[in-house]
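The chain contents come next:
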Amino acid sequence: MIQDVVWYTSIFIMAALAALFAWVAAGADAALTNYGPVIASAYRLRSWLFAAALLVLLGFSYRSLIELPYVSLLPRPLGPVGSALATGEQWAWVVSPNAFRVGQTVEFKVTSKDVNHGFALYDPGMRIVAQTQAMPGYINILRHTFSQPGTYHVLCLEFCGLAHHDMKADIVVTQ
Ligand SMILES: [Cu+2]
């Protein structure tokens, strides 16, 4: 249905454009010999368009750069920030410490002992709430504020070998 509407609309617009081109072509040999004023006004319009485009570009650049450094976009902790080290290896997660309080913001320092892993944090209802890469030789910072009590789970999101599915760790969050 919608395809038909788009199709007939396109046909109509193309036919109208073709008719316009034919009309301009038919009148092309009519006497219009003084192009000077036309060229001058076209150049004026072009200058205005360039200035407008520059203004828009500068506006968007300012708006996107003002947030730098983007660290400020991390969720603002309500209280003190806890810290935990999360290390992935074939095939386990070691998260230390692994017990936190509700409302606590935890800064996970995520790394790997061997190959790339995907650090994924799941809430007690098995909904993913945060994730980052775990890479050997790098530490990625992941902040999460625990909003409900229960047992959270850490799983691997990147296929890393035979027992990839066995990479599980628990994090207990209490009131
Ligand atoms: Cu893995």
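To be clear, the structure that these remarks concern was listed above.
Scope of this entry: the structure provided in the associated data block. (Residues numbered from 1 in each chain as written. Predicted model: local features only at pLDDT ≥ 70, side-chain atom pairs only at ≥ 80, totals over all residues. Heavy atoms only, no water.)

Here's the deal with the overall build of the chain
Turning to step 1, where the next piece is worked out: What the chain contains, in helices and strands, is 2 helices and 9 strands.
Turning to step 2, where the next piece is worked out: Overall, the chain shows an N-to-C arrangement of helices and strands of α-α-β-β-β-β-β-β-β-β-β.
Turning to step 3, where the next piece is worked out: Computed over C-alpha atoms, the radius of gyration of the chain comes to 30 Å, more than 25% over the 16 Å expected from 2.2 N^0.38 for 175 residues, which places it beyond the range of a compact globule.
Turning to step 4, where the next piece is worked out: Projected onto its principal axes, the C-alpha coordinates of the chain cover approximately 85 × 40 × 35 Å.
Turning to step 5, where the next piece is worked out: A total of 175 residues make up the chain; the buried ones form 22% of that total.
Turning to step 6, where the next piece is worked out: Expressed as a percentage of contacts within the chain between residues at least 6 apart in sequence, the contacts between residues at least 24 apart total 63%.
Turning to step 7, where the next piece is worked out: Of the accessible surface of the chain, which amounts to about 12400 Å², a share of 68% is contributed by carbon and sulfur atoms. (Helix = DSSP H or I, 4+ residues; strand = E, 2+ residues; numbered from the N terminus. Rg over C-alpha atoms; globule rule 2.2 N^0.38 Å. Buried < 20%, exposed > 50% of the residue type's maximum accessible area, 1.4 Å probe, protein only. Contact = heavy atoms within 4.5 Å. Areas by Shrake-Rupley, 256 points an atom, 1.4 Å probe, with all protein chains shown as cover.)

Remarks on the pairing of strand β1 (residues 81-89)
Turning to step 1, where the next piece is worked out: Of the pairings in the sheet, the one linking β1 to strand β4 (residues 105-112) comprises 8 bridges and is parallel in character. Counted as the bridge partner of S83 is E107 from β4. (Pairing = 2+ DSSP bridges.)

Describing the sheet that holds β4
Turning to step 1, where the next piece is worked out: Sheet architecture is open: 4 strands sit in the order β2-β1-β4-β7, paired in mixed fashion. Each edge of the open sheet is held by one strand with a lone partner, namely β2 (92-96) and β7 (140-145). Sheet twist, expressed as the average angle between the axes of neighbouring strands with direction ignored, equals 25°.
Turning to step 2, where the next piece is worked out: Note: β1 against β2, 5 bridges, orientation antiparallel. Bridging across to β2, T87 finds its partner in V94. (Axes fitted to C-alpha atoms, helices over the stretch in contact; angles between N-to-C directions.)

Description of the coordination of the copper ion
Turning to step 1, where the next piece is worked out: Within the first shell, the copper ion binds the protein through H117 (ND1), C156 (SG), C160 (SG) and M167 (SD), at distances of 2.1 to 2.6 Å.
Turning to step 2, where the next piece is worked out: Angles of 90 to 136° at the metal separate the 4 donor atoms of the copper ion, which places the site in the irregular class. (Donors = N, O, S within 2.8 Å, 3.2 Å for Na, K, Ca; no water. Tetrahedral: all angles 85-135°; square planar, octahedral: opposite > 155°, others 65-115°.)

Notes on the sheet that holds strand β8 (residues 150-156)
Hydrogen bonds between backbone groups are what pair the strands of a sheet, and the pairing can be parallel or antiparallel.
Turning to step 1, where the next piece is worked out: Strands sit in the order β3-β9-β8-β5-β6 across an open sheet of 5 strands; the sheet is mixed. The outermost strands of the open sheet, each flanked by one partner alone, are β3 (99-101) and β6 (128-134). Taking each pair of neighbouring strands and ignoring which way they run, the sheet shows an average axis angle of 25°.
Turning to step 2, where the next piece is worked out: Pairing between strand β5 (residues 117-122) and β8: 4 bridges, direction antiparallel. Paired with L121 across the bridge in β8 is V154.

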